[in-house]
Amino acid sequence: MNPSLQDKAATYLREILGIEIVFSPFPGLRQLPLHITEAYEIGHCTLWGKEFLALLAREAGPIPAAMAKHSDWLYQKTGLRSLFVLETVG
C-alpha cells in the first residue's frame, strides 16, 4: 500500500480521533483474483486490536455498490473486514 497514503491515514486517525493504526503487507495477496488486485492496492492493518484489509482504490471515485460487493466477497474469502482508504471524498 502507498506509504505516503498510509502515513496520511495514520496521522489523520491519530490527530483527529486519537486512534492508532498499524499497516503491513497483506500476505494472501497472491491468492486474490486479478480484478480485485487491479482495482485496489491492498494491505493489512490493525485498528483497535482487530485486523482489517486496507483497500486503496487505484482509480478515483470508486462506486459505492462495487466497493460493498468487493468488501463482502473479500470477507467471505479472507474473514477480514475491509477498511477503505480514500485520498479524497467527493
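Look above for the structure.
Thresholds applied
Residues numbered from 1 in each chain as written. Predicted model: local features only at pLDDT ≥ 70, side-chain atom pairs only at ≥ 80, totals over all residues. Heavy atoms only, no water. Helix = DSSP H or I, 4+ residues; strand = E, 2+ residues; numbered from the N terminus. Expected span 1.5 Å × (residues − 1). Buried < 20%, exposed > 50% of the residue type's maximum accessible area, 1.4 Å probe, protein only. Arc of directions from axis to C-beta. Contact = heavy atoms within 4.5 Å. Polar contact = N/O pair within 3.5 Å; in protein donor to acceptor, adjacent residues only side chain to side chain. Pairing = 2+ DSSP bridges. Axes fitted to C-alpha atoms, helices over the stretch in contact; angles between N-to-C directions. Phe/Tyr/Trp six-rings, centres within 6.5 Å; stacked < 30°, edge-to-face > 60°. Lys NZ or Arg CZ within 6 Å of the ring centre and 35° of its normal.

J.: Can you tell me about helix α1 (residues 3-17), naming the residues and giving the values?
T.: Its 15 residues place the ends of α1 20 Å apart at the C-alpha level, agreeing with the 21 Å of an ideal helix rising 1.5 Å per residue. Residues of α1 that are buried: Leu5, Gln6, Ala9, Ala10 and Leu13. Seen from one end, α1 has its buried residues packed into an arc of 135 degrees, which puts them on one side. Projecting away from the buried face of α1 at angles above 90 degrees are the exposed residues Pro3, Lys8, Glu15 and Ile16. On the buried face of α1, the contacting elements are β1 (21-25), β3 (50-57) and β4 (81-85). Where α1 terminates, the next one or two residues include Gly18, which has phi positive at roughly 70 degrees.

J.: Outline the side chain of His70, listing residues and values.
T.: With respect to the secondary-structure elements, His70 resides in helix α3 (residues 64-78). The buried category is assigned to His70, whose relative accessible area is 16%. Side chain to side chain, His70 and Tyr40 meet in a polar contact 2.9 Å long. Setting aside residues up to four positions removed in sequence, His70 forms contacts with His35, Ile36 and Tyr40.

J.: Kindly report on the sheet that holds strand β2 (residues 40-47), identifying the contributing residues and their values.
T.: Ordered in space as β1-β2-β3-β4, the four strands form an open sheet in which the pairing is mixed. The sheet is open, and its two borders are formed by β1 and β4, each paired with just one other strand. Averaged over all pairs of adjacent strands, the angle between their axes in this sheet comes to 40 degrees, without regard to strand direction. Each of β2, β3 and β4 touches α3; the most contacted strand, β4, lies at about 140 degrees to it.

J.: Go over the packing of aromatic side chains, please, and point to the residues and values.
T.: Per the counting criterion, the structure on display carries one aromatic pair. Directly above the aromatic system of Tyr75 lies the positively charged group of Arg81, at a separation of 3.7 Å from the ring centroid.

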